[in-house]
Amino acid sequence: MSGNITFTIIKPDAVSKNYTEAIFEKIEKAGFEVLKRKDVCLTKELADNFYEIHKGQPFFAGLVEFMTSGPIVVAALKKGNAVEDFRATIGKTNPLEAAEGTIRKVYGEMVSRNAIHGSDSDENAQREIRFFFTPEEVEF
Ligand code: IDP
Ligand code: MG
């Protein structure tokens, strides 16, 4: 059975363009409750770790550089069928291929600057929430 929690990051491109609040409005309009959010600056070490599954990909170094280029906002979200529904809300990885009205279509520029992250499984949602929040911060 699929869970009701997922995790998101508003990436540096969207934060620097002041899209954060508009994106959270869209997230809430799509039926997600924002359980917890905070502003974070990633170090290279943290970004390396967060994206370790992509180590070895040609875009890895650029991804880490981008994710450490400015502040991000991380959040835990709640909704039935959270992971799948949130991936549908944000749209395809490449904003140019994302469906009309999705967050990446509206706020992303290109695959390497796609405005937002969404967990791809319940297991990764839990890992990613634990990565950014202390157990006390996520007592929900
Ligand atoms: P996802 O974010 O839609 O789950 P992943 O394949 O997990 O996509 O890739 C993680 C992130 O790495 C993407 O959101 C994007 O920022 C970046 N990325 C993925 N593929 C490419 C690429 O081909 N070129 C540049 N950046 C990429
Ligand atoms: Mg992914």
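As the structure is a computational prediction, the values presented were derived from the model and not from experiment.

(A) The arrangement of the overall build of the protein chain in detail. The secondary structure content of the protein chain amounts to seven helices and four strands. Secondary structure of the protein chain in N-to-C order comes out as β-α-α-β-α-α-β-α-α-β-α. Expressed along its principal axes, the backbone C-alpha trace of the protein chain runs to roughly 35 × 35 × 30 Å. Here the protein chain, with 140 residues, has 43% of them falling under the buried criterion. Nonlocal contacts in the protein chain, meaning residues at least 24 apart in sequence, comprise 76% of its contacts between residues at least 6 apart. For the protein chain, the exposed surface amounts to about 7,600 Å²; the carbon and sulfur share of it is 50%. With 18 positive and 22 negative side-chain charges, the protein chain shows a separation of 3 Å between the mean positions of the two kinds.

(B) Representation of the sheet that holds strand β1 (residues 5-10). Here four strands make up an open sheet; going across it, the order is β2-β3-β1-β4 and the pairing antiparallel. Because the sheet does not close on itself, it has two edges, and the strands there are β2 (33-40) and β4 (116-118). Each strand of the sheet is rotated relative to its neighbour by a mean of 20°, with strand direction disregarded. Strand direction decides the pairing type here: β1 and strand β3 (residues 72-78), joined by six bridges, are antiparallel.

(C) Spotlight on the site of ligand 1. Every residue close to ligand 1 is listed here: K11, H54, F59, L63, R87, T93, R104, V111, S112 and N114. Contact distances for ligand 1 include 3.0 Å between an oxygen atom and a side-chain N or O atom of H54. The contact in question runs from an oxygen atom of ligand 1 to an N or O atom on the side chain of N114, over 2.9 Å. Surface burial for ligand 1 is 75%, taken as the share of its 530 Å² of free accessible area covered by protein chains.

(D) Broad picture of the nonpolar core. Counting 20 residues, the largest nonpolar core has F7, I9, M67, I72, V74 and F132 as its most contacted members. The biggest single contributor to this core is helix α4 (residues 60-67), with five residues. Beyond its immediate chain neighbours, meaning those up to four positions away, M67 contacts I9, K11, P12, L42, Y51 and I72.

(E) Structural detail: the side chain of E128. Relative to the elements of secondary structure, E128 occurs in helix α7 (residues 122-132). Separated by 3.0 Å, the side chains of E128 and H117 make a polar contact. With residues near it in sequence (within four places) discarded, E128 still touches F7, F50, H117 and S119.

(F) Representation of unusual backbone geometry in the model. Even without glycine at this site, N18 takes up a positive phi of about 60°. Note that N18 resides in the loop between α1 (12-16) and α2 (20-29). The residue N81 is not glycine, and still its phi comes out positive at about 55°. As for its position among the elements, N81 is in the loop between β3 and α5 (82-90).

(G) Quick peek at α5. Every buried residue of α5 is accounted for by A82, V83, F86, T89 and I90. For α5, the angular spread of the buried residues around the axis is 125°, confining them to a single face. Along α5, the residues that are exposed and aim more than 90 degrees away from the buried face are E84 and A88. In this structure, the buried side of α5 is in contact with β1, α2, β3, α6 (103-107), β4 and α7. Phi for G91, located one or two positions after α5, is positive at around 90°.

Thresholds applied
- Residues numbered from 1 in each chain as written.
- Chains lettered and ligands numbered in written order.
- Predicted model: local features only at pLDDT ≥ 70, side-chain atom pairs only at ≥ 80, totals over all residues.
- Heavy atoms only, no water.
- Helix = DSSP H or I, 4+ residues; strand = E, 2+ residues; numbered from the N terminus.
- Buried < 20%, exposed > 50% of the residue type's maximum accessible area, 1.4 Å probe, protein only.
- Contact = heavy atoms within 4.5 Å.
- Areas by Shrake-Rupley, 256 points an atom, 1.4 Å probe, with all protein chains shown as cover.
- Lys, Arg positive; Asp, Glu negative; His and termini not counted.
- Charge placed at Lys NZ, Arg CZ, Asp CG, Glu CD.
- Pairing = 2+ DSSP bridges.
- Axes fitted to C-alpha atoms, helices over the stretch in contact; angles between N-to-C directions.
- Near = heavy atom within 4 Å.
- Polar contact = N/O pair within 3.5 Å; in protein donor to acceptor, adjacent residues only side chain to side chain.
- Core = buried A, V, L, I, M, F, W, Y, C linked by side-chain atoms within 4.5 Å.
- Arc of directions from axis to C-beta.

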